[in-house]
Amino acid sequence: MGGGFTVDPANPGAQVYANQVGLTAPITGPIGIFLWRPFGNLGNPTDPGRGSGRQTANNRAFRLSGTLEKDFSETLRGQLSMTWATYERRRSSPGVVGSRLQDALNGLGGADCDPATGTPGVGGCQWFNPFINAGPGHPSLGLTNPFYVPGNENSPDLVEFLQIDNGVEETEDTFVVDLIFSGELGIDLGGGPVGWAAGAQYRQLDFLSRPLTVESNLDINPCVILGDQSCIGGSLDGAGSFIFLGGSRPERLAQNVKAVFAEVAVPISDTLEITAAARFEDYGGSIGSTFNPKGAVRWEPVDWLVLRGSVGTTFRGPLAAQVSNNANTALAAINAANGNFKAVDIAGNPTDLGPEKAFSYNLGAVVDFSGFTFSVDYWSFDFKDEITTTDAQAIASSVVPTAGGLANCSSPFAPLITFDGGACVQGTTTGLNISRVLTQWVNGPKTKTSGLDFAASYTTDIGPGVYTIGVNASHTLKYDIGDFNLDGNLLRAGFSAVGAANLDRLPGTISPWRANAFINYNVAGLNLRYGATYIAGVRDERCDGLQFCATTNFGGTNFGRNISSYMQHDVHAAYDLPINAFDAQLQFSVENFTNEDASAARLPLGYNPFVGNTLGRVFRLGAKIGF
């Protein structure tokens, strides 16, 4: 329905509302209502305590695995492993059926009302009152509504008819067989015998998805009006009958992946070893096959120093759900719609979603002497055809360049947006008319990322116990994302993600530095540990080039322009109980004991969830028992 409805002037709440706001003239025609939520601040009358709906998510998993091993000789071994696993998921969210809501706004709502023959407000036909006089107050905050008129409430029975569970039942069965042979060749170059391994793998995945209700089944109800199928083949085919949530279609998918692999380790000497490996995988269908080699070198020129490096290619195939015909619905504050929350449908891509590939290499060194260990590694990944989704913000902003402004209906991306009324009208449609944005799993732009990983620790005896101090850090040097082209058209120009919040785009916040440090002392079964976590701050790139990041009713603001760094401090204690019959350990922790707040950011919740911990100070008390 796109959020646009009309209210019959005879609706019991309509004239009352008009009088309350000083509109004394009689209402002579239908009242248009756009961009609203049916219950508003009055809350859902079926949940008087909280005023909200309830989402559900039920998950069950079963796994069975086994391995057979056989030593054929001192230099030849075999292993056969099999794993079967099943995952069952049932998830739902309450959603309002648009055509039922429109009927109820005209007094023809309810399970016992036939809109074609009923009389508004008579018998089983009920009115839905969308106005502020429909409820006593804000349930969760306990606020009183001064405009409330007793008797104008919406019936819980009517609400339960309008709002039903929308979701899916999914089953994913996986069967994996691995056959591996390994051993040593009769070749010794001075560092020991050459080792080898070779094998094969078969993976079978069966995925089944079923809509929970007829109303959410797009094979039955593909159009915005429940029971109507006239939109099939048109722009609203698949929009579904709910005003926000998308529907789904029954889906059964299968993947059969076959792989062979081999690896050889060649000790050139006591201090130098070369390893080479290769893997071939065949996904079949549109995904195809891939061959990925890898090589590594480890050299120990002196006892306290190791130099290492590797180079190779990687491959990642799409998941079964990513190549399905269905879509999931998310919620996003769309900039082109003046920051209003809109539905974003993320559709599968059964036609041309291919594999993701990457070329990677790393170089590193390890220093180890007298209880001190230090390592540094440089790493680099060059991704091609990354498996990602099209950018909803970029789609909307390409069609509506100015937030809330006029839409460019001739944009090649306009068909990806559903507007109120279903059509984009040049010169009339604006960003405020955006109802939902369609995105899809695709092979995205090239991505190049590189960085440095550091680790250092020192261990020594102090008194009766063992003392260790250490630090780990990661520094991202580069995270460059190329131009994002969709169907031959530039959707989003490339950018550098390092040091940016990336709050409205993938890959999300990329802090240039992340680190953690610890001090640990273990004595007589008691382990005490202090830890600190550091995340470097970033800038909100949406503010680049602007005097103010945003304009409010009180003027311009730069809130969140620079998202500050975050430091968290934790303490942990664990004690092994002196019990011989079984292992038992008591555990106690205080996480974020300084109660550090997450870094402020210009997001609906006011903070950046990727820079900091939003839980505040957390106490944990536990026990672990092993037999």
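Presented here is an overview of the structure given in this document.

1. A word on unusual backbone geometry
Part 1 of the argument: Cis geometry marks the peptide bond from L506 to P507; its omega dihedral reads 15 degrees.
Part 2 of the argument: The topology assignment puts P507 in the loop between β24 (495-496) and β25 (513-523).
Part 3 of the argument: Positive phi is not limited to glycine here, since A524 has a value of about 50 degrees.
Part 4 of the argument: Along the chain, A524 falls in the loop between β25 and β26 (526-535).
Part 5 of the argument: By relative accessible area, A524 is classed as exposed at 71%.

2. Considerations on the packing of aromatic side chains
Part 1 of the argument: In the structure shown here, the tally under the stated rule is 11 aromatic pairs.
Part 2 of the argument: With a centroid separation of 6.1 Å and 65 degrees between ring planes, the pair formed by F39 and F128 is classed as edge-to-face. With F39 in the loop between β2 (31-33) and β3 (56-73) and F128 in the loop between α2 (98-105) and β5 (137-138), this residue pair connects regions lying 89 residues apart in the sequence. As far as the burial class goes, F39 and F128 line up, both buried.
Part 3 of the argument: Clustering of aromatic rings is evident, with ring pairs tying together F359, Y361 and Y378.
Part 4 of the argument: Stacked on the ring of F161, the Lys or Arg R100 has its end atom at 4.2 Å from the ring centre.
Part 5 of the argument: R505 extends its terminal NZ or CZ atom over the ring of F495, reaching a point 3.5 Å from the ring centre.

3. Notes on the pairing of β26
Part 1 of the argument: In this sheet, β26 lies alongside β25 in antiparallel orientation, the contact comprising 10 bridges. Looking across to β26, one finds that N522 is bridged to N527.
Part 2 of the argument: Inspection of the sheet shows β26 paired to strand β31 (residues 566-576) by 10 bridges, in the antiparallel sense. Opposite L526, over in β31, you have Y575 as the bridge partner.

4. Focus: a nonpolar patch on the surface
Part 1 of the argument: A cluster of nonpolar side chains, L185, I187, L189, I268, I274, V297, W299 and L307, forms an exposed patch at the surface whose accessible area comes to about 630 Å².
Part 2 of the argument: Those elements that provide at least two residues to the nonpolar patch are β7 (163-188) and β11 (289-302).

5. Concerning the state of the cysteines
Part 1 of the argument: Scanning all chains against the criterion turns up 4 disulfides.
Part 2 of the argument: What connects to what in the protein chain, once the bonded cysteines are numbered by sequence position, is 1-2, 3-4, 5-6, 7-8.

6. Points about the pattern of salt bridges
Part 1 of the argument: Here the structure, examined in full by the defined rule, presents 22 salt bridges.
Part 2 of the argument: Across the pair E88 and R60 runs a salt bridge whose closest N-O atoms are separated by 2.6 Å. One end of the pair, E88, is in strand β4 (residues 76-96); the other, R60, is in strand β3, and 28 residues separate them in sequence.
Part 3 of the argument: Classification of R60 as exposed rests on a relative accessible area of 51%.
Part 4 of the argument: The salt bridge involving D377 is made with R308; its shortest N-O contact spans 2.7 Å. Residue D377 is found in strand β16 (residues 372-384), and its partner R308 is found in strand β12 (residues 305-316); the two are separated by 69 residues along the sequence.

7. Re the side chain of T449
Part 1 of the argument: Mapped onto the elements, T449 comes out in strand β20 (residues 447-462).
Part 2 of the argument: Residue classification places T449 among the buried positions, given a relative accessible area of 7%.
Part 3 of the argument: Within the structure, the side chain of T449 is placed 2.9 Å from the backbone oxygen of K478, a separation counted as a polar contact.
Part 4 of the argument: The contact partners of T449, leaving out residues within four places of it in the chain, are W379, S380, F381, F383, T476, K478 and Y479.

8. Some words on the side chain of H475
Part 1 of the argument: Structurally, the position occupied by H475 is in strand β21 (residues 465-481).
Part 2 of the argument: Polar contacts involving the side chain of H475 include one to the side chain of W513, which spans 3.3 Å.
Part 3 of the argument: Sequence-distant contacts of H475, defined by excluding residues within four places in its chain, comprise S450, G451, L452, F454, P512 and W513.

9. Some words on helix α1 (residues 12-20)
Part 1 of the argument: Residues of α1 that are buried include every one of G13, A14 and A18, and no others. Projection of α1 onto a plane perpendicular to its axis shows the buried side chains occupying an angular sector of 135 degrees, all on one side.
Part 2 of the argument: Looking at the buried residues of α1, the elements they touch are β2.
Part 3 of the argument: Where α1 terminates, the next one or two residues include G22, which has phi positive at roughly 90 degrees.

10. Section: the environment of N527
Part 1 of the argument: Relative to the helices and strands, N527 is located in strand β26.
Part 2 of the argument: Residues N527 and D576, 49 residues apart in the sequence, show an inter-C-alpha distance of 8.6 Å.
Part 3 of the argument: In terms of polar contacts, N527 uses its side chain to reach the side chain of N520, at 2.9 Å.
Part 4 of the argument: At 3.0 Å, the side chain of N527 and the side chain of N522 are in polar contact.

Definitions and cut-offs
- Along each chain, the written sequence defines residue order, and numbers are assigned to residues from 1.
- At least 70 in pLDDT is required for a residue's local features to be given in this predicted model, at least 80 for side-chain atom pairs to be given and counted, and no such filter applies to totals for whole chains, interfaces and linings, which use all residues.
- Side-chain measures here rest on the full set of heavy atoms in the structure, leaving out hydrogens and waters.
- Each helix corresponds to a stretch of at least 4 residues labelled H or I by DSSP, and each strand to a stretch of at least 2 residues labelled E; elements are numbered beginning at the N terminus.
- Partly exposed residues are those whose accessible area sits between 20% and 50% of the maximum for their type, while under 20% is buried and over 50% is exposed, using a 1.4 Å probe and protein chains only.
- For Phe, Tyr and Trp, where Trp contributes only its six-membered ring, two rings pair if their centres lie within 6.5 Å, and the inter-plane angle classes them as stacked under 30 degrees, edge-to-face over 60, or tilted in between.
- Placement of a charge over a ring requires the Lys NZ or Arg CZ to be within 6 Å of the ring centre, with the centre-to-atom vector within 35 degrees of the ring normal.
- In this scheme, strands are said to pair when DSSP sees at least two bridges between them.
- Like-charged residues are merged into a patch within 9 Å and nonpolar side chains (Val, Leu, Ile, Met, Phe, Trp, Tyr) within 5 Å, provided each residue has over 30% relative accessible area and no salt bridge.
- Accessible surface is estimated by sampling points in the Shrake-Rupley manner with a 1.4 Å probe; for residues, cover comes only from the protein chains shown.
- In the sections that follow, a salt bridge refers to a side-chain nitrogen of Lys or Arg positioned within 4 Å of a carboxyl oxygen of Asp or Glu.
- A pair of sulfur atoms, both from cysteines and within 2.5 Å, is called a disulfide here.
- Polar contact criterion, stated in full: a pair of N or O atoms within 3.5 Å, where within protein one must be able to donate a hydrogen and the other to accept it, and residues adjacent in sequence count only if both atoms are side-chain atoms.
- In what follows, residue pairs with any heavy atoms lying within 4.5 Å of each other are defined as contacts.
- The arc in question is the one traced by the directions running from the helix axis out to the C-beta atoms.

None of this, on its own, says anything about what the molecule does.
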